[in-house]
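Coordinates in review
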Amino acid sequence: MTEKELSVPKEVTALANTLRAKGFEAYLVGGCVRDLLLDREPKDWDITTNARPEEIQALFKETFYENDFGTVGVVTESEDTRLKVIEITPYREEGKYTNARHPDEVHWAKTLDEDLKRRDFTINAIAYEPHEKKLVDARGGQDDIRRKIITTVGEPGERFQEDALRMLRAIRLSAELDFVIESKTAEAIAKNAEELKKISRERVRDELTRTLMSDRPMQALGVAQKLGILPHIIPELEEGVGIKQNKTHDFEVFEHLLRCLQHSADKKWPFEVRLAALLHDVGKPATRRWSDEKKDWTFHGHDVVGARMTKRILQDLHFPKETIEKVVALVRWHMFFSDPDLVTLSAVRRTIRNVGKENIELLLNVRMCDRIGTGRPKEQPFRLRKYMSMIDEAMRDPTTVAMLKIDGSRIMEVTSEAAGPRIGWILHALLEEVLDEPKKNTEEYIENKVQELAKLSDAELKKLGEAGKERREKEDEAAVKKIRSERHVH
Ligand code: ATP
Ligand code: MG
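The structure presented is a predicted model; accordingly, all values stated were derived computationally and were not measured.

Calculation notes
- Residues numbered from 1 in each chain as written.
- Chains lettered and ligands numbered in written order.
- Predicted model: local features only at pLDDT ≥ 70, side-chain atom pairs only at ≥ 80, totals over all residues.
- Heavy atoms only, no water.
- Helix = DSSP H or I, 4+ residues; strand = E, 2+ residues; numbered from the N terminus.
- Buried < 20%, exposed > 50% of the residue type's maximum accessible area, 1.4 Å probe, protein only.
- Contact = heavy atoms within 4.5 Å.
- Areas by Shrake-Rupley, 256 points an atom, 1.4 Å probe, with all protein chains shown as cover.
- Pairing = 2+ DSSP bridges.
- Phe/Tyr/Trp six-rings, centres within 6.5 Å; stacked < 30°, edge-to-face > 60°.
- Lys NZ or Arg CZ within 6 Å of the ring centre and 35° of its normal.
- Near = heavy atom within 4 Å.
- Polar contact = N/O pair within 3.5 Å; in protein donor to acceptor, adjacent residues only side chain to side chain.
- Core = buried A, V, L, I, M, F, W, Y, C linked by side-chain atoms within 4.5 Å.
- Expected span 1.5 Å × (residues − 1).
- Arc of directions from axis to C-beta.
- Domains from an automatic or database assignment.
- pLDDT = per-residue confidence, 0-100.
- Salt bridge = Lys/Arg side-chain N within 4 Å of Asp/Glu carboxyl O.
- UniProt positions renumbered as here; feature names shortened; annotations may be inferred.
- Axes fitted to C-alpha atoms, helices over the stretch in contact; angles between N-to-C directions.
- Parallel < 35°, antiparallel > 145°, perpendicular 65-115°, else oblique.
- Nonpolar A, V, L, I, M, F, W, Y, C, P; charged D, E, K, R; others polar.

Moving on, we come to the overall build of the protein chain. Secondary structure assignment for the protein chain yields 25 helices and 12 strands. Along the three orthogonal principal directions, the C-alpha set of the protein chain runs to about 85 × 60 × 50 Å. Burial analysis of the protein chain (490 residues in total) assigns 52% to the buried set. In the protein chain, once contacts between residues fewer than 6 apart in sequence are set aside, the share between residues at least 24 apart is 68%. Carbon and sulfur atoms form 50% of the exposed surface of the protein chain, whose accessible area is close to 24600 Å².

Now for the sheet that holds strand β1 (residues 2-3). Within the open sheet, the eight strands sit side by side as β1-β8-β7-β2-β3-β6-β5-β4. Their pairing is mixed. Whereas interior strands pair on both sides, the edge strands pair on one side only; in this sheet they are β1 and β4 (63-65). Taken together, the four bridges between strand β3 (residues 46-49) and strand β6 (residues 85-90) define a ladder with parallel strand orientation. From the neighbouring strand, T48 faces β6, where its bridge partner is T89.

What follows covers the pairing of β6. Bridge analysis of strand β5 (residues 72-75) against β6 gives four bridges, and the strand direction is antiparallel. Within β6, the position partnered with V75 by the bridge is V85.

All right, on to the packing of aromatic side chains then. Under the defined criterion, the tally for this structure stands at three aromatic pairs. Measuring from centroid to centroid gives 5.2 Å for W290 and W297, while their planes differ by 80 degrees, and the two rings are edge-to-face. Ring plane angle 40 degrees and centroid distance 5.9 Å describe the contact between F336 and Y387, whose orientation is recorded as tilted. Here the residue F336 occupies a position in the loop between α17 (321-332) and α18 (345-355), and Y387 occupies one in helix α20 (residues 381-396), the gap between them amounting to 51 residues. The burial state of F336 is the same as that of Y387; both residues are buried. Taking the ring centre of F251 as reference, the NZ or CZ of R259 above it sits at 3.8 Å. Sitting above the plane of the F336 ring, R367 keeps its charged end 4.1 Å from the centroid.

Our next topic: the site of ligand 1. Around ligand 1, 15 residues are found, and the nearest of them are R34, N124, D163, R166 and R210. In the model, an oxygen atom of ligand 1 is placed 3.2 Å from a nitrogen or oxygen of the G31 main chain. Here an oxygen atom of ligand 1 sits 2.6 Å away from a polar atom, N or O, in the side chain of R210. Against a free-state accessible area of 590 Å², the protein chains account for coverage of 82% of ligand 1. Of all the elements in the fold, those that place two or more residues in the shell around ligand 1 are α2 (31-37) and α8 (165-177). The leading source of residues in the shell around ligand 1 is α8, at three residues.

Ranked by internal contacts, the top residues of the largest apolar core, which has 107 residues, are L28, W45, I47, I229, I234, L237 and L279. No other element matches α8, which puts eight residues into this core. Ignoring anything within four residues of it in the chain, the contact list for W45 reads S7, V8, P9, V12, L28, C32, L36, R82, L83, I86 and E87. Counting residues in each nonpolar core, the second largest holds 17 residues, with L404, L431, L435 and I446 among its members.

Bringing helix α23 (residues 443-454) into the picture now. Over its 12 residues, α23 runs 16 Å from end to end, which matches the ideal 16 Å to within 8%, given 1.5 Å per residue. The complete set of buried residues in α23 reads I446, E447, K449, V450 and L453. The arc that holds every buried residue of α23, seen down its axis, measures 160 degrees, which confines them to one face. Of the surrounding secondary structure, the elements contacted by the buried residues of α23 are α21 (408-414), α22 (421-436) and α24 (458-465).

This brings us to the side chain of E417. If you trace the backbone, E417 turns up in the loop between α21 and α22. A distance of 2.9 Å separates the side chain of E417 from the side chain of R422, its partner in a polar contact. The residues touching E417, leaving out its near neighbours within four places in the chain, are M412, R422, I423, I426 and A454.

In this section: the domain arrangement of the protein chain. Segmenting the protein chain into domains produces domain 1 (2-142), domain 2 (149-228), domain 3 (236-396) and domain 4 (406-455). Its C-alpha centre places domain 2 at a distance of 56 Å from the equivalent point of domain 4.

Caution applies to low-pLDDT parts of the model: their predicted coordinates are not meant to be read in detail. The predicted model of the protein chain has a mean per-residue pLDDT of 91, with 96% of residues at 70 or higher. The model gives residues 96-103 a pLDDT under 50, and that stretch makes five contacts with residues more than four places away or in other chains.

The subject of this paragraph is the pattern of salt bridges. Close approach of charged atoms allows side chains of opposite charge to pair. Considering all chains together, one arrives at 47 salt bridges under this definition. For E5, the salt bridge is made with K133, and the minimal N-O distance between the two is 3.9 Å. Taken together, the positions of E5 in the loop between β1 and α1 (10-21) and K133 in the loop between β7 (127-129) and β8 (134-136) put the pair 128 residues apart, joining distant regions of the chain. A salt bridge links K440 to E433, with the shortest nitrogen-to-oxygen separation between them at 2.9 Å. Where salt bridges share partners, they join E433, E437, K440, K449 and E452 into one cluster.

The subject of this paragraph is the UniProt feature "domain: HD/PDEase" (unreviewed entry) in the protein chain. Residues given the UniProt feature "domain: HD/PDEase" (unreviewed entry) here are residues 249-384. The distance from the first to the last C-alpha atom of residues 249-384 is 21 Å, and the span holds 62% helix and 4% strand.

Before going further, it helps to examine the packing of helix α10 (residues 201-213) against helix α11 (residues 217-226). The axes of two packed helices give the description: the angle between them and the distance between them. Between α10 and α11, whose axes approach to 7 Å, the crossing angle comes to 135 degrees. Overall, the two elements α10 and α11 adopt an arrangement that is oblique. The residues of α11 that touch α10, namely those facing L208, T211 and L212, are P217, A220 and L221. When the residues that make up the contact of α10 with α11 are grouped by side-chain class, the tally is five nonpolar, one polar and no charged.

On to the environment of E194. Topologically, E194 is positioned in the loop between α9 (183-192) and α10. Note: C-alpha distance between E194 and R289 (95 residues apart in sequence) is 32 Å. There is a polar contact of 2.3 Å between the side chain of E194 and the side chain of K197.

Here it is as structure tokens:
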């Protein structure tokens, strides 16, 4: 036990003091103590106590009983969102209660030490009493913080068998804190990797998300691969290990993807960019072919195949639909042509239409990750600026049906069309035309054109209206078919 002053918000100290005044013990514990010792800002504040849930609830005005672990959320009046709810958890023991007959009575522990013993890592098993400014650290947590080491409380193999999620927490914490996983703990992860099958995909997703949002995702996923747990996170990434690329690439597929990801983290780019950076070439191993003509590897269709794989990967991890759509679009279109000396404005407009206006900036970020991750220098600034100014220009032109000088109800006014699919076809047929020649987007031209289109049969109109969509789908199908047939040959 040592004395030490840590800066604890007054709301938290007040809560601990309320428990203390009634004769209970109350300690800050876990991530908040660890972060205070590291001079990092704690994400949340956890208190552990020898009071029982009912006793905690009786002491505070507004509380809610959170979960099976006896955690009581206490609502405070703080303005600070991180202090609005403070969690108080009774001392408890490692999961024994799951087999017990009276769970509410038997899973509590009597002493702080028993509670600390069931915690995952030594750095998370330090407690702090804010009134007496007393640190309780019986398991060398402070030493490990100094040495920047993640090591389990107790025998690592046993602790991972009790709860496999801890293996992912080790990886995630190493990425967030820039700590190394201690060698016996790392060995035990390698040995128990299969246990991760028991963990729900949602929990894997949550740890993966935090790993990707940390400052060092490359290091963490590299370690995950070496320890053999990558197949339980995103198995498809494992296919890229050791896969050589063509001559323009310095790195094999997996390392290239990690380097791209790391660049997105260095730039603090949004989550979707990080995921797309990590997955954009996931289709490469499946599409790699040797070209005798080029005397080099080719990866035709890897963007199409990669987008499909990305969709499956992210669905399997139960990411929200909007995230999946964005990342799939970024992977699908990451090969967009951007040479500012050769690209036409109409090609730029089609890129914007393909990936979506709202995603174009993210797509440019993915491209920058791709270049850096290839080992090539940054795009020369003036070339990039030139392409960006083309995007700005193209963004003023219509790239979506909403930007046409007409809408569905006006179409119904100027023709005898009724609501139905024909309206959509007309709008999309107009957009296809305007994408090539934005000057045509005038009321006069468009309304005349609508009259013409309205005369077409359903079949003719549908063909025009779905031309863009159909062309893209056909290209995708053809690419996938080609790759499948090539695969059967092998
Ligand atoms: P952060 O708040 O930054 O996510 P944290 O370490 O506080 O990090 P929490 O999920 O808030 O993580 O957990 C609080 C504490 O509960 C941990 O510090 C640890 O002591 C304990 N803990 C959490 N998950 C486990 C687990 N799976 N096994 C054992 N102890 C755990
Ligand atoms: Mg916490």
